Amino acid sequence: MRSKTSCFNSTLFRKNLSRYWPLWGLASFGGAMFPLAMLLELLHNGFRFWSPLETRQAYYTVLSYGVPVISIVYAILCAMAVWSYLYNARSVGMMHTLPVRREGLFVTNVLSGLTMMAIPYAVTGVLLVLVTMLFGGFEPVGVLVTVLGVMGESLFFFGLATFCAFIVGNVFMLPALYGLLNFIAVLTDFMVNLLAQGFCFGLNSSYSGTVEWLSPVVYLIQKISPNSTYETQWVTDRLGGQRYETSVLTSVTLENGWLIAAYAAAGAALLGLAWLLYRRRRSESAGDVVAVGWMKPVFRYGCAVYAAILGGRLLYALLWESFQSGRYFTVLPMILCMIAGGAIGYYAASMLLAKTPRVFKTTWKGMLAVALGCAALCGAMKCDLFGVVRRVPAPDSVKLVNVYAAGSNYYLTPGKDDALIEKVRTLHQTIIDDKDYIMSTAEGRSVYMETEEGSYTIGAPASEIVSTSVSSFANTSVRFTYTLNSGLKVERRYNLYLTQNRMDQEDTYDHLLDQLINSQEMRQKRIRWRDEGFQLDGAWIDTWRDYSDLSSREVGLILDAVAKDAENGDWGVYNWFQADNDADSYEIQIHFQYKLPESQFDRTYDAIQVNVKEGMTETIRALKDLKLITDADLVTNRERYPWQYAAGGWDQYDQFYGQFHMSPEEYYERYSEYPAGWFGTESDDSSTETENAPAVDDSHSPSMSAGAEAAGLGIIGGADGPTVMVTTAA
């Protein structure tokens, strides 16, 4: 009788399931809580009908955002359970002496782990299907896609965990390596950018997402999502018989669902690699930090690299950053800090591999290589050997261009905005060419700074800025974001020092920036006027009195009016050197929110705000015609808040509050003007030392002088000094 070799052992399979039943049993119990909670909620809401499309949307939402997070944790627990015998010398010796070949052990344990992963999902899924069927929401397509998605993600994460299990020889190293491999791309991207932005002029991004697909959880959550479509329909109330308008879900698809299949194939490949490692794995490697010989140098130098960059950056921040000049690293101290951090990582890894602290005599050559590598990396970044600083993407490689300047975003598309894109590239190249000038002047010299988060003033006392409304120099922030045809992004941000003299000279970045932003085309781009790529999602107007939403008709009329003001030069011309550039604005802001045409900008929506100013005749006329404002709203900020724009204004603000027992804002809202002599207003009688001012009680008014004389009250003093009230005889 011929002997047969079996690749599956049913006894071992049943033993695994029975031995580790608390793991999959508790997971199943936790999963069963979700359909139970869903059932209770539906019963509480009065047996509400649950449509099949709502069911599909719920399934896809869980598959997109819940399953990756659950699977990454549960897979490593299952892998640690079935492969735990590999990390104890006595256990692995016993398992390898059983009458089961390694093929049988491997296949049986893989099937055991995958079964333990499937049981909780199966329990939860069956209960969910029963609940949805009870409420008329069973949807077979959604169920089938979700089942396939769960199977694919489970295969990948368990395959990765199994691959890690055969690389290490220590049970504590298994979750550490598994977690590192799951997030290694994100960590490396952040780490490299953290170092590079300290050397590379204009690089300000802490994360680029270049190889994000190597971090499965992050990539799956970012790329896979339910794509739902809604339509506005009129429905009839079943009880009252009234018709009302509502949004109805009409279709649901799983965006980028094919990625799950790709990761499932990768998981199967990782299981194949794990089998190859198991065939050559020595039983004596149980307890070692790394069980694979060729992985030991990778572990040693990998720890050194990560420790050099992260630890070196930390040491530099603690020991030297406060002494550096400017925002960029000083090369020699950074090299020394990186060598110190690299030495810690290198020798720590060497000690773990050798299981002894006596490693210094035998590993000094490797440490020398680490030190030389740190010096070479810092030198290469300082000299821009990788071309990061000099890079300006070619026009034919660009799919979208986003420019942020003067507090606004501008979106340019090749084929439609080629002339503007070329101007942007010219400006970008000029900034790079003037790197030495910018680094020597812009650092630490600032009066007015515009950023996407808002505008603020640094580098000069507030009193000096207030007293000088127009300066001959200023700082501003400019950001260029190029989305390439490959889907990658090139982003650079610069803090530019501007002067009036350079702005009058052609071929300077000051002049090119002003000509670009204040051009007729960019002013129209700023309000997205008649741009087919943007979908208006909402609009509203704020005044000092109230807030109201705008209809599509009102939005169209207002945008047309703003566009005419921009064409006439009454709106959109940005003054780079005016510190109080909102003084002539009214407390009228019009907000527009748009859906972005491309998702490569890492956001779905973009908003703009139009501040209505003096001289915007077309916009003011349109707002009046729509009865959104009245003449009472046309009060400038300088008139309404004069203390913000006058020298010593905040001191007068405090004096006003002390004298009238109310804030200037409250006083102005009540009486629509300020008392004579306050905040630069003229006195009623400048020829005498007696000024008429309202009394401190709540019954006063701006014309209180007559009442004061009738009551026999004389008010001595003025706006700049204390006020004394004297009672005279009638």
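Here, every reference points to the structure presented above.
Since this is a predicted model, take the numbers as computed values, not measurements.

Caption draft 1: The arrangement of the overall build of the chain in detail. A tally of regular secondary structure across the chain gives 24 helices and 14 strands. Split into buried and exposed, the 730 residues of the chain put 44% on the buried side. Looking at the chain alone, contacts between residues at least 24 apart form 71% of all its contacts between residues at least 6 apart. A total accessible area of about 37500 Å² is found for the chain, and carbon and sulfur atoms account for 58% of it.

Caption draft 2: Structural view of the pattern of salt bridges. In this structure the tally under the stated criterion is 14 salt bridges. The shortest N-O distance in the salt bridge between Glu103 and Arg101 comes to 3.5 Å. On the basis of relative accessibility, which here comes to 48%, the residue Arg101 falls in the partly exposed class. Among the salt bridges present, the one from Arg282 reaches Glu284, with a minimum N-O distance of 4.0 Å. Taking relative accessible area as the criterion, Arg282 reaches 46% and is therefore assigned partly exposed.

Caption draft 3: Quick look at the sheet that holds strand S8 (residues 489-499). On the basis of which strands lie adjacent, the open sheet formed by 4 strands has the order S4-S3-S7-S8 and antiparallel pairing. Either end of the sheet is taken by a strand with one partner, and the two such strands are strand S4 (408-412) and S8. This sheet shows a mean twist of 15° between the axes of neighbouring strands, independent of strand direction. Sheet topology places strand S3 (residues 398-405) next to S4; 5 bridges connect them, and they run antiparallel. Within S4, the residue paired with Val401 across the bridge is Leu412. Docked against the sheet, helix H13 (residues 418-433) engages S3, S4, strand S7 (473-484) and S8, running at close to 120° with respect to S7. Running at roughly 110° to S8, helix H17 (residues 509-517) makes contact with S3, S4, S7 and S8 of the sheet.

Caption draft 4: Just the sheet that holds strand S10 (residues 547-549), in detail. On the basis of which strands lie adjacent, the open sheet formed by 4 strands has the order S10-S9-S11-S12 and antiparallel pairing. Among the strands making up the open sheet, the edge pair consists of S10 and strand S12 (605-613). Neighbour-to-neighbour, the strand axes of the sheet open up by a mean angle of 20°, direction not taken into account. Pairing geometry for strand S11 (residues 585-595) and S12, over 8 bridges, is antiparallel. The residue bridging Tyr594 from the neighbouring strand is Asp606, located in S12. Those strands touched by helix H19 (residues 552-568) are strand S9 (535-543), S10, S11 and S12, and its axis lies near 115° from that of S11.

Caption draft 5: Inspection of the nonpolar core at higher detail. Counting residues in each nonpolar core, the largest one holds 75 residues, and the members touching the most others are Trp83, Tyr85, Leu86, Phe157, Phe158, Phe166 and Tyr178. Apart from the residues lying within four places of it in its own chain, the contact partners of Phe157 are Pro68, Ser71, Ile72, Ala75, Tyr178, Asn182, Pro216, Val217 and Leu220. By size, the runner-up hydrophobic cluster in this structure holds 60 residues, among which are Met191, Tyr410, Leu420 and Leu427.

Caption draft 6: Looking closely at the packing of helix H7 (residues 173-196) against helix H10 (residues 295-319). Two numbers describe how H7 lies on H10: the axes approach to 11 Å, and their chain directions differ by 45°. Looking at the two axes, H7 sits oblique to H10. Between H7 and H10 lies a crossing of left-handed hand. Contact residues: Met173, Ile184, Leu187, Thr188, Met191, Leu194 and Leu195 in H7; Phe299, Tyr306, Ile309, Leu310 and Arg313 in H10.

Caption draft 7: Highlighting the environment of Ile608. Examined against the element boundaries, Ile608 turns out to sit in strand S12. Note: C-alpha distance between Ile608 and Arg526 (82 residues apart in sequence) is 7.9 Å. Apart from the residues within four sequence positions on either side, Ile608 is in contact with Arg526, Ile527, Arg528, Ile590, His591, Phe592 and Tyr594.

Caption draft 8: Main features of helix H22 (residues 649-660). Look at H22: 16 Å from first C-alpha to last across 12 residues, which is about the 16 Å you get at 1.5 Å a residue. Where the residues of H22 are buried, they touch helix H23 (664-671). Just beyond H22, the residue with positive phi is His661, at close to 55°.

Caption draft 9: Representation of the state of the cysteines within the structure. Evaluation of the coordinates by the stated rule reveals 0 disulfides. No disulfide involves Cys374; its nearest neighbouring cysteine sulfur is the one of Cys378, lying 6.8 Å away.

Rules used in this analysis
Residues numbered from 1 in each chain as written. Predicted model: local features only at pLDDT ≥ 70, side-chain atom pairs only at ≥ 80, totals over all residues. Heavy atoms only, no water. Helix = DSSP H or I, 4+ residues; strand = E, 2+ residues; numbered from the N terminus. Buried < 20%, exposed > 50% of the residue type's maximum accessible area, 1.4 Å probe, protein only. Contact = heavy atoms within 4.5 Å. Areas by Shrake-Rupley, 256 points an atom, 1.4 Å probe, with all protein chains shown as cover. Salt bridge = Lys/Arg side-chain N within 4 Å of Asp/Glu carboxyl O. Pairing = 2+ DSSP bridges. Axes fitted to C-alpha atoms, helices over the stretch in contact; angles between N-to-C directions. Core = buried A, V, L, I, M, F, W, Y, C linked by side-chain atoms within 4.5 Å. Parallel < 35°, antiparallel > 145°, perpendicular 65-115°, else oblique. Left-handed = near helix turned anticlockwise from the far one by under 90°. Expected span 1.5 Å × (residues − 1). Disulfide = S-S within 2.5 Å.

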